[in-house]
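Chain residues, written in single-letter form:
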Amino acid sequence: MASVRTPGETVHDWPVDHLPALAFDPLMHRLLREEPIARIRLRFGEGDAWLATRYEDVKTVAADPRLSRALTVDRPVTSMTPHVVAPAGGVGRTDPPDHTRIRRHVALTFGRKRVAALRPRAEELAEQMLSRMAEHGAPADLTEWLTGPLPAQLIGELLGVPPHDLDRLQNWRSVILSSNHSEKESNAVKGEIAGYFKAMAAHRREQPGDDLFSALVEAQKDGGLSMPELISLAVMLVLNGMDAVRNQVSNMVYALLTHPEQLAALRARPDLLPQAVEELLRYIPHRNGVGLPRIATEDLQVGDATIRSGEVVYVSYLAANRDPSVFTEPDRLDLTRDESPNLSFGHGPHYCVGAMITRMEAEVMLTALLSRFPGLRLAVPESEMRWRRGSINRGPESLPVAW
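As a starting point, this report considers the structure included with it. (Residues numbered from 1 in each chain as written. Predicted model: local features only at pLDDT ≥ 70, side-chain atom pairs only at ≥ 80, totals over all residues. Heavy atoms only, no water.)

### Topic: the environment of His105
Then comes step 1: For His105, the position within the fold is in helix H3 (residues 98-107).
Then comes step 2: Exposure remark for His105: the relative accessible area of 22% places this residue in the partly exposed category.
Then comes step 3: Between the C-alpha atoms of His105 and Lys221, which are 116 residues apart in sequence, the distance is 13 Å.
Then comes step 4: In contact with His105, not counting residues within four places along its chain, are Leu212, Leu216, Ala219, Gly224 and Leu225. (Helix = DSSP H or I, 4+ residues; strand = E, 2+ residues; numbered from the N terminus. Buried < 20%, exposed > 50% of the residue type's maximum accessible area, 1.4 Å probe, protein only. Contact = heavy atoms within 4.5 Å.)

### Let's talk about helix H1 (residues 26-34)
Then comes step 1: Residues of H1 that are buried: Leu27, Met28, Leu31, Leu32 and Arg33.
Then comes step 2: Looking at the packing, one finds that the buried side of H1 touches strand E1 (11-13), strand E2 (37-41), strand E3 (49-52) and helix H13 (317-320).

### Overview of unusual backbone geometry
Then comes step 1: The linkage connecting Pro96 with the following residue, Pro97, adopts the cis geometry, with an omega of 5°.
Then comes step 2: Along the polypeptide, Pro97 turns up in the loop between strand E4 (67-68) and H3.
Then comes step 3: Residues Ala138 and Pro139 are joined by a peptide bond in cis, for which omega reads -5°.
Then comes step 4: Mapping Pro139 onto the fold places it in the loop between helix H4 (112-136) and strand E5 (140-141).

### Digging into the packing of aromatic side chains
Then comes step 1: Within this structure, the stated rule accounts for 6 aromatic pairs.
Then comes step 2: Each ring, one from Tyr196 and one from Phe197, has its centre 5.1 Å from the other, and the planes form 85°; the classification is edge-to-face. Note on accessibility: Tyr196 and Phe197 belong to one class, buried.
Then comes step 3: Pairing Phe197 with Phe213 gives two aromatic rings, centres 5.6 Å apart and planes at 40°, and the pair type is tilted. Of this pair, Phe197 sits in helix H8 (residues 183-206) while Phe213 sits in helix H9 (residues 212-221), and the two are 16 residues apart along the sequence. In this structure, Phe197 and Phe213 share a single accessibility class: buried.
Then comes step 4: Looking at Arg282, its charged tip hangs above the ring of Phe327, at a distance of 5.3 Å from the centre. (Phe/Tyr/Trp six-rings, centres within 6.5 Å; stacked < 30°, edge-to-face > 60°. Lys NZ or Arg CZ within 6 Å of the ring centre and 35° of its normal.)

### Quick look at H3
Then comes step 1: Every buried residue of H3 is listed here: His99, Ile102 and Val106. In an axial view of H3, the angular spread of the buried residues amounts to 80°, which keeps them on one side of the axis.
Then comes step 2: Considering only its buried residues, H3 is in contact with H9 and helix H10 (227-257). (Arc of directions from axis to C-beta.)

### A look at the side chain of Arg93
Then comes step 1: Note on placement: Arg93 falls in the loop between E4 and H3.
Then comes step 2: Here Arg93 occupies a buried position and makes no salt bridge, while the nearest side chain of opposite charge, Asp74, is found at 6.4 Å.
Then comes step 3: One polar contact links the side chain of Arg93 to the main-chain carbonyl oxygen of Thr72, over a distance of 3.1 Å. (Lys, Arg positive; Asp, Glu negative; His and termini not counted. Salt bridge = Lys/Arg side-chain N within 4 Å of Asp/Glu carboxyl O. Polar contact = N/O pair within 3.5 Å; in protein donor to acceptor, adjacent residues only side chain to side chain.)

### Remarks on the environment of Gly390
Then comes step 1: Position of Gly390 relative to the elements: it lies in the loop between strand E10 (377-378) and strand E11 (400-402).
Then comes step 2: Judged by its relative accessible area of 21%, Gly390 falls in the partly exposed class.
Then comes step 3: Distance in space between the C-alpha atoms of Gly390 and Thr81 is 9.4 Å, their sequence separation being 309 residues.

### What to know about the pattern of salt bridges
Then comes step 1: For the structure shown, the criterion picks out 28 salt bridges.
Then comes step 2: Residues participating in the shared-partner salt-bridge network are Glu279, Arg282, Arg337 and Glu339.

### Some words on the packing of H10 against helix H12 (residues 273-283)
Then comes step 1: Close contact between H10 and H12 brings their axes to 10 Å; oriented N to C, the two are set at 100°. Between H10 and H12, the angle falls in the class roughly perpendicular. Packed against H10, whose contacting residues are Gln248, Met252, Ala255 and Leu256, the element H12 presents Val277, Leu280 and Leu281 at the interface.
Then comes step 2: Per-class residue counts for the contact of H10 with H12 are 6 nonpolar, 1 polar and no charged. (Axes fitted to C-alpha atoms, helices over the stretch in contact; angles between N-to-C directions. Parallel < 35°, antiparallel > 145°, perpendicular 65-115°, else oblique. Nonpolar A, V, L, I, M, F, W, Y, C, P; charged D, E, K, R; others polar.)

Have a look at this one:
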């Protein structure tokens, strides 16, 4: 173990370079061991920020009410993208009590009972999509046949988005979640997607349906949500439902196919699947860089560092998931691991509202895939795989498989 440096003595320039496959960011790996609360400067924005990487420090920052998301609005905080993905006033950039009020409108939809009720539909979609893939024959791109369309269709049905609009939403998604598009380009797309959901809200006021978006429109009509909050929720659900789940499950399949001993263990013990999903969530670096920042509203202590009022703080859930003081041999994939909970969905008030549905979709897709195709394998050498670049979320551009 390297000696721990004095917090904040160096500001680390962090360009968040493209990383191959599921490689872990070397700067985060080093800071976790040598400088677990450090100062960083990202490609865009102004100034620098603190970065917490240790498991307990990350949990402390994520749960501390003295660290505000709302204060980041209209402040040019150092960032990995030229634009802010989460809209001002949206659920990701508010603090309680506003955050609590906004969040409760979707929390029940993604609770345990509702997600359990959705599972049969997800299983039906998985079987249909894999049947079509089998008819197409090998090799086949799994992102085209399963991991992309299933979460998109499921979130589309939940929100009541017409199937013919899903491609348009996918195109908007690719720009909003990009670190390569300019602020002007991103803002133009945000305007288009906001206009889409405003028009959809007007339609639902006249013709409500049995879907989540209709319920959100009703809440907005009754004064429980503002129009920007309604749009923010819809955009958040679409982006995460279409992009994050697609990449998470694609990465899980790739990790299993490139760790044959782990895949064999899972095939021998199918009951291990929920535990295996948790370990895959812990092990896989599912995003580039860091998420949304927070700003200290007063002086506070995090680890060995004193954070001053007004300073910016980021956390790395990815690094926390590799903390050697919490996880044994943290850089090794071990589907039988039974240690502390992973922090892949965050912690505290901003814990991901879609955590349960993401887990369910992962379990459904992996179960269907492994049971249907016992000989599943990569159709190309690992070196020929193409990975997404210039995006917040990490994952393969395509995932060619054979069986």
